[in-house]
Amino acid sequence: MKRREFVEWGRDYRKALAPSAESFYVNEFMDEEQDKVAISYQHNYPRVVALKDRYDPKNMFQLNTNIMPSS
């Protein structure tokens, strides 16, 4: 399979689970919007953003599920 086919399979899989899922397993994210990332971290999201601001303010580590810094 080509990468595109894996990505499509992953997205279809997630869509099928969406009606019964409140959040996502972040290691299965691909190129999600920050609102979906925030939903997954729930009440911990502000704390994770604060850590990102402190240790990676220039967003050097942005692969996998990226938490955007505040700035």
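Residues numbered from 1 in each chain as written. Predicted model: local features only at pLDDT ≥ 70, side-chain atom pairs only at ≥ 80, totals over all residues. Heavy atoms only, no water.

Undergrad: Mind showing me how you'd approach the overall build of the chain here?
TA: Across its full length, the chain carries three helices and zero strands. The order of α-helices and β-strands along the chain, N terminus first, is α-α-α. Taken across its 71 residues, the chain has 24% of its residues classed as buried. Taking all contacts inside the chain whose residues are at least 6 apart in sequence as the whole, residues at least 24 apart take part in 20%. Here the chain has roughly 6000 Å² of accessible surface; of this, 55% comes from carbon and sulfur atoms. (Helix = DSSP H or I, 4+ residues; strand = E, 2+ residues; numbered from the N terminus. Buried < 20%, exposed > 50% of the residue type's maximum accessible area, 1.4 Å probe, protein only. Contact = heavy atoms within 4.5 Å. Areas by Shrake-Rupley, 256 points an atom, 1.4 Å probe, with all protein chains shown as cover.)

Undergrad: What am I meant to see in a nonpolar patch on the surface here?
TA: Taken together, the side chains of Trp9, Tyr13 and Leu17 make up a nonpolar region of the molecular surface, amounting to roughly 340 Å² of accessible area. With respect to the helices, strands and loops of the structure, tryptophan 9 is situated in helix H1 (residues 3-17). (Patch = residues over 30% accessible without salt bridge, like charges linked within 9 Å, V, L, I, M, F, W, Y side chains within 5 Å. Salt bridge = Lys/Arg side-chain N within 4 Å of Asp/Glu carboxyl O.)

Undergrad: Explanation requested: the nonpolar core in the structure shown.
TA: Core analysis: the largest hydrophobic core is formed by six residues, namely Phe29, Val37, Tyr45, Val48, Val49 and Ile67. Per-element accounting of this core gives the leading share, three residues, to helix H3 (residues 45-55). (Core = buried A, V, L, I, M, F, W, Y, C linked by side-chain atoms within 4.5 Å.)

Undergrad: Before we go on, may I ask you to explain unusual backbone geometry in this structure?
TA: Apart from glycine, the bulk of residues carry a negative phi angle, and the bulk of peptide bonds sit in the trans form. Unusually for a residue other than glycine, glutamine 42 sits at a positive phi of about 50 degrees. The residue glutamine 42 is located in the loop between helix H2 (34-41) and H3 in this model. Positive phi values are uncommon outside glycine, yet asparagine 59 reaches one of about 60 degrees. Along the chain, asparagine 59 falls in the segment after H3.

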